[in-house]
Amino acid sequence: MTDRLPLSAFIIARNEADRIARPIESVRGWVDEVVVIDSGSTDGTIAVAERLGAKVVHNEWAGYGPQKRFGEDQCRNDWLLNLDADEEVTPELAAEIRAKFADGSYREADGWRIMIRDMYAHENAPAPWAYGYHQIRLYDRRQGRFSDSIVHDTVRPEEGAKIANLSGIMAHRSIRSLDFQVSKYNRYSAVQVEDMRVRGRKLPRSRLLTEFPVSFFKAYFVRKYRKYGWWGLILSMNYAHARFLRVAKAYEAELLQRNGRPKDAGPQT
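This report concerns the structure included in the present document. (Residues numbered from 1 in each chain as written. Predicted model: local features only at pLDDT ≥ 70, side-chain atom pairs only at ≥ 80, totals over all residues. Heavy atoms only, no water.)

So, about the overall build of the protein. Summing up its helical and strand segments, the protein has 7 helices and 10 strands in all. The C-alpha radius of gyration computed for the protein amounts to 20 Å, which stays within 12% of the reference 18 Å derived for 269 residues, consistent with globular compactness. Overall, the protein is about 70 × 40 × 40 Å in size when its C-alpha atoms are taken along their principal axes. Looking at the protein as a whole, 48% of its 269 residues are labelled buried. When the 42 basic and 36 acidic side-chain charges of the protein are each reduced to a single mean position, those positions are 6 Å apart. (Helix = DSSP H or I, 4+ residues; strand = E, 2+ residues; numbered from the N terminus. Rg over C-alpha atoms; globule rule 2.2 N^0.38 Å. Buried < 20%, exposed > 50% of the residue type's maximum accessible area, 1.4 Å probe, protein only. Lys, Arg positive; Asp, Glu negative; His and termini not counted. Charge placed at Lys NZ, Arg CZ, Asp CG, Glu CD.)

Below, the discussion takes up helix α6 (residues 207-222). An α-helical turn contains 3.6 residues, so any two residues separated by three or four positions project in the same direction. Taking 1.5 Å per residue, 16 residues should reach 22 Å; α6 reaches only 19 Å between its end C-alpha atoms and comes up short. Among all positions of α6, only R207, E211, S215, F216 and A219 are buried. End-on, the buried residues of α6 take up no more than an arc of 150°, which puts them together on one face. Turned more than 90 degrees away from the buried face of α6 sit L209, V214 and V222, all of them exposed. Next to the buried residues of α6 lie α7 (230-258). In the stretch just after α6, K224 is the one whose phi turns positive, near 65°. (Expected span 1.5 Å × (residues − 1). Arc of directions from axis to C-beta. Contact = heavy atoms within 4.5 Å.)

Two numbers describe how helix α5 (residues 178-198) lies on α7: the axes approach to 9 Å, and their chain directions differ by 30°. Between α5 and α7, the crossing angle belongs to the class labelled roughly parallel. Remark: the crossing between α5 and α7 carries right-handed chirality. Together, L178, Q181, Y185, N186, S189, A190, Q192, V193 and M196 of α5 and W231, I234, L235, N238, H241, A242, L245, R246, K249, A250 and A253 of α7 make up the contact between the two elements. Its residues assigned to classes, the contact of α5 with α7 comprises 12 nonpolar, 6 polar and 2 charged. (Axes fitted to C-alpha atoms, helices over the stretch in contact; angles between N-to-C directions. Parallel < 35°, antiparallel > 145°, perpendicular 65-115°, else oblique. Left-handed = near helix turned anticlockwise from the far one by under 90°. Nonpolar A, V, L, I, M, F, W, Y, C, P; charged D, E, K, R; others polar.)

Under the counting rule described, the total for this entry stands at 21 salt bridges. The partner of R145 in a salt bridge is E72, with the nearest N and O atoms 2.3 Å apart. Of this pair, R145 sits in strand β8 (residues 144-146) while E72 sits in helix α3 (residues 64-73), and the two are 73 residues apart along the sequence. E72 gets classed as buried once you look at its relative accessible area, which sits at 0%. One salt bridge in this structure joins E88 and R173, with 2.6 Å as the shortest N-O distance. Highlighted residues: E88 in strand β5 (residues 87-89) and R173 in the loop between β10 (163-172) and α5, separated in sequence by 85 residues. In this pair, the class of E88 matches that of R173, namely buried. Ionic contacts of the salt-bridge type, sharing partners, join the residues K68, D84, E87, R137 and D153 into one network. (Salt bridge = Lys/Arg side-chain N within 4 Å of Asp/Glu carboxyl O.)

Another point: the packing of aromatic side chains. Applying the stated criterion to the full structure yields 15 aromatic pairs. Relative to Y106, the ring of W79 lies with its centre 5.1 Å away and its plane at 85°, an arrangement referred to as edge-to-face. Of this pair, W79 sits in strand β4 (residues 79-84) while Y106 is found in the loop between α4 (91-103) and β6 (111-118), placing the two residues 27 residues apart along the sequence. Under the relative-accessibility criterion, W79 is labelled buried at 9%. (Phe/Tyr/Trp six-rings, centres within 6.5 Å; stacked < 30°, edge-to-face > 60°.)

Taking 1.5 Å of rise per residue, 13 residues should cover 18 Å, and α4 covers 19 Å from first to last C-alpha, within 8% of that figure. Of the residues making up α4, those classed as buried are L93, A94, E96, I97, K100 and F101. Taken down its axis, α4 places every buried residue within 165° of arc, on the same side. Along α4, exposed side chains directed more than 90 degrees from the buried face belong to P91, E92 and D103. In the core, the buried residues of α4 are packed alongside β1 (5-13), β4, β5, β6, β7 (132-140) and β10. Phi turns positive, to about 80°, at G104, one or two residues after α4.

This is the structure:
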């Protein structure tokens, strides 16, 4: 086995100069190439990525799914490893992937799910109880591609494709700060509402009453944010507000549509 695997890693990014080094450095020593899809950074993202040896390709933002599909097409290998700019491959996961390519066992599946666990700015590693979710991130693009949804960036396997799980985890540093988190979920909720409008989906108004308390319970107890102490309380409140905001914006859009007013219309005088 050569030092570099026949594997392309790709990352979508925009204005990630403070974070883009981590995902690149976590893979650059053992993957064949690192490709960064930049959608118009105005900070030092491109310079940092190129300094670390990544190939940077510009593509105007088209939504999460389309942007990742574009990224797939820029890679020269069929086996791909996808990371986000706020993620990094842990040493344990890197060792596991390298071992599977060394003995050929990566071919036992067409795609591999990876556990992605949250990690915060004050932490050196994800907590054992950190919230996580499985996603297909290591895969053969001939057997599956990212969906073309502007909101959901999920690999959709071909019919009959075999999917298995890796045991290593990917660290997810999604929150730079609370200011960043609030700004992010405010933007994302607007995209979610637009996606629902395009698909003709409506949310029941009763969720204006239930969304916040149910989401808080889910975050604090089910996601185990309570284990973080006061920080967990903050995370739970923000999660609940983000979920509520999506429902509130959907209702706002209904009111505007009913009265024939554009979405950004201000009060009439």
